[in-house]
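# Structure at a glance
Spelled out from the first residue to the last, the chains are:
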Amino acid sequence: MEIIIKDDFAAISAEGAKIVADYIRRKPDAVLGLATGSTPIGLYQELIRMHSHEGLDFQQVTTFNLDEYVGLPATHKLSYHYFMWEQLLSHININRDNVHLPDGMAADIPAYCKGYEEAIQAAGGIDIQVLGIGTDGHIGFNEPSSSLGSRTRLKTLTRETIADNARFFERADQVPRYAITMGVGTIMEAGTCILLASGAGKADPVAKAIEGPVTAMITASALQLHQDAIFILDKPAAGKLQLQEYYEWVYQNKDNRARAAAPIQAGP
Ligand code: F6R
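Quick summary incoming for the structure in this document.

What counts as what
- Residues numbered from 1 in each chain as written.
- Predicted model: local features only at pLDDT ≥ 70, side-chain atom pairs only at ≥ 80, totals over all residues.
- Heavy atoms only, no water.
- Helix = DSSP H or I, 4+ residues; strand = E, 2+ residues; numbered from the N terminus.
- Rg over C-alpha atoms; globule rule 2.2 N^0.38 Å.
- Buried < 20%, exposed > 50% of the residue type's maximum accessible area, 1.4 Å probe, protein only.
- Contact = heavy atoms within 4.5 Å.
- Areas by Shrake-Rupley, 256 points an atom, 1.4 Å probe, with all protein chains shown as cover.
- Lys, Arg positive; Asp, Glu negative; His and termini not counted.
- Charge placed at Lys NZ, Arg CZ, Asp CG, Glu CD.
- Pairing = 2+ DSSP bridges.
- Axes fitted to C-alpha atoms, helices over the stretch in contact; angles between N-to-C directions.
- Parallel < 35°, antiparallel > 145°, perpendicular 65-115°, else oblique.
- Nonpolar A, V, L, I, M, F, W, Y, C, P; charged D, E, K, R; others polar.
- Salt bridge = Lys/Arg side-chain N within 4 Å of Asp/Glu carboxyl O.
- Phe/Tyr/Trp six-rings, centres within 6.5 Å; stacked < 30°, edge-to-face > 60°.
- Lys NZ or Arg CZ within 6 Å of the ring centre and 35° of its normal.

Bringing the overall build of the protein chain into the picture now. The number of helices and strands found in the protein chain is 9 helices and 10 strands. A compact globule built from 268 residues would reach a C-alpha radius of gyration of about 18 Å, and the protein chain, at 18 Å, matches this within 12%. Overall size of the protein chain, expressed as C-alpha extent along the three principal axes, is 70 × 40 × 30 Å. Taking all 268 residues of the protein chain together, 51% fall into the buried category. Looking at the protein chain alone, contacts between residues at least 24 apart form 78% of all its contacts between residues at least 6 apart. For the protein chain, the exposed surface amounts to about 12700 Å²; the carbon and sulfur share of it is 52%. For the protein chain, the centre of its 23 positive side-chain charges and the centre of its 32 negative side-chain charges are spaced 1 Å apart.

Rendered as structure tokens:
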């Protein structure tokens with residue numbers, strides 16, 4: 001795991017966007033896994049800026065979103081479809097056919113979820129998955145007690161998640177109780193996972209995810225088993241990490257470490 005600690009939201013957004021953009025520049029037909037919520041908004045704004053000012057090209061990029069509320073049509077202002085087009089997709093040159101978001105209005109949800117998994121496979125799998133973390137430690141909507149091997153499926157949201165997300169709705173009872181979400185197992189198959197977290201409200205789940213036991217009670221802790229998981233945290237979100245100083249030390253020595261690990265050049 002790589003733990004990157006930055007001063008504030010702007011800095012984590014820039015760091016996350018840089019990782020995604022570098023990947024797209026190396027692999028123009030990259031498959032991105034995307035998240036909604038407050039946390040990735042700055043990252044998306046930075047990608048939009050790179051698209052308009054630096055020519056970052058999304059023409060061949062494919063996207064798969066983590067989740068969608070059940071019962072909200074794509075046109076609903078609080079659906080994750082709507083969010084993604086507002087916050088990112090309308091502002092970049094992505095091909096509409098390459099955009100995938102779970103359909104919260106699917107008639108046969110199990111069959112739909114199976115098809116979503118197949119579409120990810122058909123695209124060659126997710127290269128980079130962007131994640132946030134819930135106050136209950138969830139990734140996607142994999143609430144506590146979700147199987148760490150789970151696949152895309154219907155989940156019942158916890159009361160805590162419903163209360164957290166009520167800020168977007170007029171009343172808490174308008175928040176859907178169910179969502180379609182990629183499973184932890186689906187997320188774990190992404191080549192790289194980058195999890196962003198901001199604010200003191202995330203310090204507890206972040207510390208449990210990184211330094212606690214791997215447990216279905218904190219589904220983000222499954223990332224401890226991922227070979228390329230990067231946590232990008234602002235200082236308040238990193239506030240409860242026991243090894244915070246060590247992570248900062250590792251980051252400061254990153255360039256030297258890369259040189260130390262490089263194969264020794266044969267002499268003349
Ligand atoms: C959203 C998602 C969720 C959020 C998490 C944090 O697509 O998968 O796991 O990332 O609930 O939400 P925010 O960023 O609003 O704190």
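Okay, the sheet that holds strand β6 (residues 128–131) next. Taking strand neighbours across the sheet as the criterion, the 7 strands line up as β1-β10-β9-β6-β2-β3-β5 in an open arrangement whose pairing is parallel. Edge positions in the sheet fall to β1 (2–6) and β5 (99–100), since each of these pairs with one other strand and no more. When strand β9 (residues 192–197) meets strand β10 (residues 229–234), the two strands line up parallel, connected through 5 bridges. Each residue of the ladder has a partner; that of Ala 197, found in β10, is Leu 233.

Two elements in contact, helix α2 (residues 41–54) and helix α3 (residues 80–87), have axes whose closest approach is 10 Å; the angle formed by their N-to-C orientations is 40 degrees. The orientation of α2 with respect to α3, classified from their angle, is oblique. Here α2 contributes Ile 41, Tyr 44 and Ile 48 to the contact with α3, which in turn contributes Phe 83, Met 84 and Gln 87. Taken together, the residues of the contact of α2 with α3 sort by class into 5 nonpolar, 1 polar and no charged.

Tallied over the full model, the rule gives 15 salt bridges. Glu 54 is the partner of Arg 49 in a salt bridge, and the nearest nitrogen-oxygen pair spans 3.1 Å. When its relative accessible area of 43% is taken as the criterion, Glu 54 is described as partly exposed. Through salt bridges with shared partners, one network takes in Lys 18, Asp 22, Arg 25, Glu 46, Arg 49 and Glu 54.

Next up on the list: the packing of aromatic side chains. All told, the structure shown has 7 aromatic pairs when counted by the stated rule. An angle of 40 degrees between the planes, with centres 4.7 Å apart, marks the rings of Tyr 69 and Tyr 80 as tilted. Linking Tyr 69 in strand β4 (residues 67–69) with Tyr 80 in helix α3, this pair joins segments that are 11 residues apart in sequence. With a relative accessible area of 9%, Tyr 80 lands in the buried category. Taken together, Tyr 69, Tyr 80, Phe 141 and Phe 169 form an aromatic cluster joined through their ring pairs. Taking the ring centre of Trp 85 as reference, the NZ or CZ of Arg 96 above it sits at 4.2 Å.

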